[in-house]
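# Structural characterization, general
One-letter residues, chain by chain:
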Amino acid sequence: MALMDFGASFNQMKIARLRHQLAAHPLLTTESLAKLALRSDPDHVRFHDGERRIETDMSMMLRTDHTRVRLRRAIDHLHKAEAFVQIINVRHDPEYRALVDEVLDQLLPHLPPRDRALVNRDAAVFLASPGSVTPFHLDHEQNLLCHVRGAKTFYVWDHRDRSVVTERALERFYHEGTLRDTPYRAAIQPKAHVFELVPGDCIFMPMGSPHAAATGKEITVTFSILFNTLTSFDVVETYRANHVMRRLGLSPAPVGDSWVRDSLKRRTVGAVRRARDLARGRSTERRLQWY
Ligand SMILES: [Fe+2]
């Protein structure tokens, strides 16, 4: 069965609204996901149970709970608390792993041949109270954000718009994983693509697309299927190369201006990294390591 309708024009560089068939899946009921949250590694379940706004710093807001006492309370009171629960690394769970892989395997024919051996497969779950806000942020994966329960207003900005996130902020983001150079500003709001999501809707976001969300009067559940292609990982590596060059006092050309120059920068920085790893006695194997 097709779990996702990718259409004929799927493009990993373009925001798209798709439809999925996951809303009635038994693994994606709120009860199943609450059980997943309570059996997952506590470090993989992050939550917030206080006030937050679109300009809140997302990287500072989430907490974990090794006792699971406060987490359990946040889940039990989802209908009335201002809670937000995020489960990451969902593909560690064998049942969810099979579901994620089924969707991603259906995606593969829609990607260029060199990108079909995905370099990263993952998923995350978001459970949110009524009237909940997910602050402005961006992530390093390509995201099939599948909406499963309730109504959600979703804002997403074009990942190529440097008036929203600057080239230097991206260099730092892909190098360090932080977005401290990129606060939300009211001036960017008119540039957002705004989607009113209902169960069955899926928003595909290219890697690095800034986004934010607000929920209405119901509990909402969203299941994000995450992946990275080699093309996206090349972009990450080029931003890292630019970050290194800038620290050396150089002024690198923006990523994407020249494929040849980007490729050369990646090879140069990769060679430096391999030489450094050899000198330190570390493995030089290329690995997917974000930060
Ligand atoms: Fe996100």
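In this report, we go over the structure that sits alongside the text. (Residues numbered from 1 in each chain as written. Predicted model: local features only at pLDDT ≥ 70, side-chain atom pairs only at ≥ 80, totals over all residues.)

Our focus in this paragraph is the sheet that holds strand β9 (residues 193-197). Taken in spatial order, the four strands of this open sheet run β6-β11-β8-β9, and their pairing is antiparallel. Strands at the two margins of the open sheet, each flanked by one partner only, are β6 (133-137) and β9. Strand after strand, the sheet turns through a mean of 15 degrees between neighbouring axes, direction not considered. Summarising the sheet, strand β8 (residues 152-156) and β9 pair through five bridges and their orientation is antiparallel. Of the residues in β9, the one forming a bridge with T153 is E196. (Pairing = 2+ DSSP bridges. Helix = DSSP H or I, 4+ residues; strand = E, 2+ residues; numbered from the N terminus. Axes fitted to C-alpha atoms, helices over the stretch in contact; angles between N-to-C directions.)

Before going further, it helps to spend a moment on the nonpolar core. Judged by nonpolar contacts, the single largest core of 67 residues is most densely connected at V85 and I225. Counting only domains with at least three residues in this core, you end up with domain 1 (4-229) and domain 2 (233-279). When near neighbours in sequence (up to four residues on either side) are disregarded, I225 contacts V100, V103, L104, A123, L144 and C146. (Core = buried A, V, L, I, M, F, W, Y, C linked by C-beta atoms within 7 Å. Buried ≥ 20, exposed ≤ 12 C-beta atoms within 10 Å, placed from the backbone. Domains from an automatic or database assignment. Contact = placed C-beta atoms within 7 Å.)

The next point concerns the environment of E102. Turning to its location among the elements, E102 is positioned in helix α4 (residues 94-107). Once the C-alpha coordinates of E102 and D122 are considered, the two residues, 20 residues apart in sequence, prove to be 12 Å apart.

Below, the discussion takes up the pairing of strand β7 (residues 142-149). Moving residue by residue along a regular strand, the side chains alternate between the two faces of the sheet. Counting buried residues in β7 gives eight out of eight residues, a clear majority hidden from the surface. Here β7 runs beside strand β12 (residues 220-228); their pairing, made up of seven bridges, is antiparallel. Note that in β12 the partner of R149 across the bridge is V221. In the sheet, β7 pairs with strand β10 (residues 201-205) via four bridges, with the strands oriented antiparallel. Its bridge partner lying in β10, L144 is registered against F204.

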